[in-house]
Amino acid sequence: MKKKTTKTLCFILVVSALFSITAYFGLYNRLDKWIQDSILLQPKALTGNVVVIGIDDDSIERIGAYNNWDRTVMASALKALSSDSDNMPAVVAIDTLYSGETDPSADKALVEAATTLPKVITASAGVFGSEFVKDDTGSFTRQDHRILGYDEPFKALKDVTSQGHINAMYDLDGVLRHGLLYLDVPKEAAGSGFSSAGETADSLRVYSMAYEAARAFARARGEDIKPPKTDKRGHFYLTYSALPGTYYDGFNIADLIDGKIPSDYYAGKIVLIGPYSAGLQDEYFTPIDRAKAMYGVEVQANAIEAFLRADYKEEANGLLQALVLFILMTALLALLLKLKMMPSSVVTAIVIAGSLAAAYVLFDHGIIIHPLWIPLGALVAYVVSIAVRYIQAYLERVRVTRTFERYVAPEIVDEILKEGIENLSLGGKNCDIAVLFVDVRGFTTMSERLTPEKVVYILNKYLTMASDCVERNKGTLDKFVGDAMMAFWGAPLPQEDAVYNAVRTAVEIVEGAAKVSEQLKAEIGEELRVGVGVNYGPAIVGNMGAEKHMDYTAIGDTVNTAARLEANAPGGTIYISRAVANELGDRISVESLGDSVKLKGKAEGFEVLKVVALK
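From a predicted model like this one, the values you see are computed outputs, not experimental measurements. (Residues numbered from 1 in each chain as written. Predicted model: local features only at pLDDT ≥ 70, side-chain atom pairs only at ≥ 80, totals over all residues. Heavy atoms only, no water.)

## Here's the deal with the nonpolar core
Generally speaking, nonpolar side chains in soluble globular proteins are found buried as a group. Judged by nonpolar contacts, the single largest core of 47 residues is most densely connected at Val 52, Val 91, Tyr 240, Leu 272, Ile 304 and Phe 307. Top contributing element to this core by residue count: helix α9 (residues 209-220), with eight residues. Apart from residues lying up to four places away in sequence, Leu 272 is in contact with Val 50, Val 51, Val 52, Ile 53, Ala 93, Val 297, Gln 300, Ala 301 and Ile 304. One finds Val 438, Val 499, Ala 502 and Ala 581 within the second-largest nonpolar core, a separate group that totals 43 residues. (Core = buried A, V, L, I, M, F, W, Y, C linked by side-chain atoms within 4.5 Å. Buried < 20%, exposed > 50% of the residue type's maximum accessible area, 1.4 Å probe, protein only. Helix = DSSP H or I, 4+ residues; strand = E, 2+ residues; numbered from the N terminus. Contact = heavy atoms within 4.5 Å.)

## So, a nonpolar patch on the surface
Together, Leu 320, Leu 323, Val 324, Ile 327 and Leu 328 line one region of the surface with nonpolar side chains, adding up to about 450 Å² of accessible area. Considering the arrangement of structural elements, one finds Ile 327 in helix α12 (residues 318-336). (Patch = residues over 30% accessible without salt bridge, like charges linked within 9 Å, V, L, I, M, F, W, Y side chains within 5 Å. Areas by Shrake-Rupley, 256 points an atom, 1.4 Å probe, with all protein chains shown as cover. Salt bridge = Lys/Arg side-chain N within 4 Å of Asp/Glu carboxyl O.)

## Topic: helix α13 (residues 341-364)
Along its 24 residues, α13 runs 35 Å from first to last C-alpha, staying within 8% of the 34 Å computed at 1.5 Å per residue. Residues of α13 that are buried include every one of Ser 344, Thr 348, Ser 355, Ala 359 and Phe 363, and no others. Among the residues trailing α13, Gly 366 stands out with phi positive, at a value near 90°. (Expected span 1.5 Å × (residues − 1).)

## Considering the packing of helix α1 (residues 2-24) against α12
Helix packing for two helices is described by the angle between their axes and how far apart those axes are. Running from amino to carboxyl end, α1 crosses α12 at an angle of 150°, the nearest separation of the two axes being 9 Å. Overall, the two elements α1 and α12 adopt an arrangement that is roughly antiparallel. Considering only the axes of α1 and α12, their crossing is right-handed. Residues Ile 12, Leu 13, Val 15, Ser 16, Ala 17, Phe 19, Ser 20, Ala 23 and Tyr 24 of α1 form the contact with α12, whose own contacting residues are Gly 318, Leu 319, Ala 322, Leu 325, Phe 326, Met 329, Thr 330, Leu 333 and Ala 334. Its residues assigned to classes, the contact of α1 with α12 comprises 14 nonpolar, four polar and no charged. (Axes fitted to C-alpha atoms, helices over the stretch in contact; angles between N-to-C directions. Parallel < 35°, antiparallel > 145°, perpendicular 65-115°, else oblique. Left-handed = near helix turned anticlockwise from the far one by under 90°. Nonpolar A, V, L, I, M, F, W, Y, C, P; charged D, E, K, R; others polar.)

## Observations concerning the pairing of strand β2 (residues 91-94)
For a regular strand, the rule is simple: side chains alternate between the two faces of the sheet. Of the two faces of β2, the one carrying Val 91 and Ala 93 and the one carrying Val 92 and Ile 94 are both buried. Across four bridges, the pairing between β2 and strand β10 (residues 270-275) is parallel. Along β10, the bridge assignment pairs Val 92 with Val 271. Note that β2 and strand β3 (residues 120-134) share two bridges and pair parallel. In the sheet register, Val 92 faces β3, and the bridge partner there is Val 120. (Pairing = 2+ DSSP bridges.)

## Regarding the pairing of strand β15 (residues 429-440)
Of all 12 residues in β15, 10 are buried; the element is thus mostly enclosed. Bridge count for β15 against strand β18 (residues 530-546) is 12 bridges, and the pairing is antiparallel. Within β18, the position partnered with Val 435 by the bridge is Asn 535. Bridge count between β15 and strand β17 (residues 484-489): five bridges; the pairing is antiparallel. Note on β17: the bridge partner recorded for Phe 437 is Met 486.

## Things to note about unusual backbone geometry
Each neighbour pair has its own omega, and for Ala 491 with Pro 492 the value is 10°, a cis peptide bond. Mapped onto the secondary structure, Pro 492 falls in the loop between β17 and α18 (498-524). Despite not being glycine, Gln 281 has its phi angle at roughly 55°, a positive value. Positionally, Gln 281 belongs in the loop between β10 and β11 (283-286). A positive phi is found at Lys 474, a non-glycine position, where the angle reads about 60°. Positionally, Lys 474 belongs in the loop between α17 (452-472) and β16 (476-481). We classify Lys 474 as partly exposed; its relative accessible area is 42%.

## Some words on the environment of Pro 118
Inspection of the secondary structure puts Pro 118 in the loop between α5 (104-114) and β3. With a relative accessible area of 51%, Pro 118 lands in the exposed category. Considered as a pair, Pro 118 and Ala 90 are 28 residues apart in the sequence and their alpha carbons are 6.3 Å apart. Excluding anything up to four places from it in sequence, Pro 118 contacts Met 88, Pro 89 and Ala 90.

Structural data, given as C-alpha cells:
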C-alpha cells in the first residue's frame with residue numbers, strides 16, 4: 001500500500017510540475033491572452049475629457065494628398081483651435097512627427113500657431129534596434145531593444161512645445177497590450193537634443209505623448225497624476241476604456257480649418273490630432289477588440305484616459321502564479337483520483353468557474369493573473385484522472401483475466417469483469433461449491449509399461465478432453481496432479497445450477513474417456529478408464545499460498561470428501577454424496593451403496609451413491 005501511495009504521489013507531482021512549467025514558459029500564452037482580452041477587458045463610460053480630430057480620407061480628399069501637405073495645414077488647424085479665446089482646449093497633442101526643417105515660412109507659421117495655445121505637445125520617436133555594447137571589462141555583448149536614434153521636432157517648434165514619444169510596441173502575438181511610459185534615450189542617440197534638454201546623466205528620459213498630455217491637463221486643473229508601475233524598459237499594461245471608433249465623432253482636420261467644429265466641443269479638453277485613415281498606416285490591433293484595428297490617435301486617447309483615471313493594472317508575478325498553479329493542481333488531481341466520475345465533473349466545473357471569477361475580480365481590483373492557467377490545469381487534471389481510471393480498469397481487467405482464464409471458462413471471466421473485481425473477495429471466502437475429482441485407473445502401471453512419449457501423449461489427450469468438459473459446463477479448473485484433475489462450480493461467482501453442471505461434467509468425462517480409449521486402442525493398443533467423484537458443500541475458496549506464488553483453489557472437508565469418492569470409484573463409474581443427490585432430486589437416477597464403501601477419514605454410516613443416469 002505504501003509503495004502504491006508513493007507511486008501515485010510521484011505521478012501527481014510529475015503531472016502538476018510538467019503543466020506548471022510549460023505554463024510558466026509560455027506554452028499556452030496565445031490562448032491565455034485571448035481569454036484575458038475577451039473576458040476581463042470590457043469598455044467603460046468615458047470622462048469626456050479627450051476629443052479626437054482625425055486626418056481622415058475626407059480631409060485628404062478636400063485638402064489634397066497627405067504627402068503634399070506642408071506645415072501650414074497643421075498651423076491652420078492650431079489657429080482654428082485658438083480662434084475663440086474663451087473656448088480654447090486645455091491641451092493639444094499632435095500625433096504627427098515634424099522633425100527637420102522644411103519651408104521656412106511654413107515652419108514659422110507652425111511655430112507661431114503653437115504659441116497661441118495654452119499647451120501643445122509635439123511628437124518624438126526613438127529608433128530601436130540591436131547593437132553590440134562594450135562593457136566595463138572591454139568585451140562586447142549584443143543588446144536588443146536598444147535606441148539607436150531619436151527623432152524630435154525641429155528646434156524652433158521644440159522650443160515652444162513639450163515633447164512626448166509616440167512609440168508603440170506589439171506583444172509577441174501581435175496585439176498592443178502594453179504602453180511605453182518613457183524612453184531612456186542614450187546620449188549618443190539623442191544628439192543635440194540631449195544638451196538642449198539640460199540632462200547631466202547618460203540618457204535623456206522622454207515620456208509618452210499620452211502621459212505628457214494627461215499630466216499637462218491635470219496640472220492645468222491644479223492636480224497631478226500618478227504614473228503606473230513599469231518594468232525595467234518602461235512598459236506597463238495599458239487599460240483600454242473604449243472600442244475602436246468610440247472617441248471619433250467624425251470631425252476631421254478639414255472641418256476644423258473650415259470652422260465647422262464649434263469651439264465649445266473642445267473647450268477645456270485634450271485635443272488629439274492624428275492620422276485616421278488606413279492609408280496612413282497608423283493602426284494597431286488592441287486587446288479590447290482583436291478583430292478591428294484601432295488608429296494610433298485613439299490608442300493615445302485610451303492611454304490618456306487611463307492616466308487620468310489612474311486605472312492601472314499590475315501583472316502578478318509569473319513564478320508565483322506557477323507555484324500556486326502547481327499546488328492547486330496537485331491537490332485537485334489527488335482529489336479527483338479518489339472521486340467517482342460525477343463528483344469529479346462537478347468539482348472540476350466548480351474550480352474552472354471559480355478561477356475565472358477570481359481572475360475577473362482581481363482584474364477589477366488592478367491585479368492581472370493568467371486566467372487560463374488554473375482552468376486549463378483543472379481540465380488537464382480531470383482528463384488525466386479519467387485516463388488513469390481507464391488505464392487502471394484496463395490493467396485490472398487484464399490482471400483478473402489472466403488470473404482466472406487459467407481456471408474458468410471465458411464466459412465466467414466475462415461475468416466476473418461485469419460484476420466488478422470488488423465482489424470477488426480474493427484471498428479466501430466461504431461458499432457452497434460442487435467439487436469434482438477425476439483420475440485414470442491403472443495409470444501408474446500403464447506409465448511403467450509405456451515409453452515416456454506415449455505416456456505424455458495419452459495424458460495430454462485425456463486431460464484436454466476433461467478440461468474441455470469442465471469449460472463447456474462453466475466450471476473452474478483448479479489443478480492437474482499427474483493424471484488427476486480437480487474442478488469446482490459455484491466460485492468465483494455463484495451459479496444457479498452448480499451441482500447439476502458438476503455431475504453433467506462427470507458424465508461427459510466418463511463418456512469422453514470411453515471415446516478416447518477407443519482411439520488409443522486403435523492407435524497404440526491401450527485403453528483408458530476413469531473414476532469420478534462429486535461432492536457438494538461449504539469450502540474456502542480464494543488465492544492461497546505465498547505472496548509471490550499463489551494458486552486460486554478450494555480447501556475444506558467438501559473437497560477432501562470429493563477426492564475420497566473419486567479414489568474409490570471404479571473405472572467408468574461416478575460416485576457422489578447424498579448432498580449431491582438431494583440437490584438434483586428427480587433429475588438424477590442413482591444407486592445407493594450405503595456405507596459399504598469406506599471413505600478414508602469419514603465416520604461410519606457415510607452414504608455413497610453411484611450415478612446411473614442424469615436426466
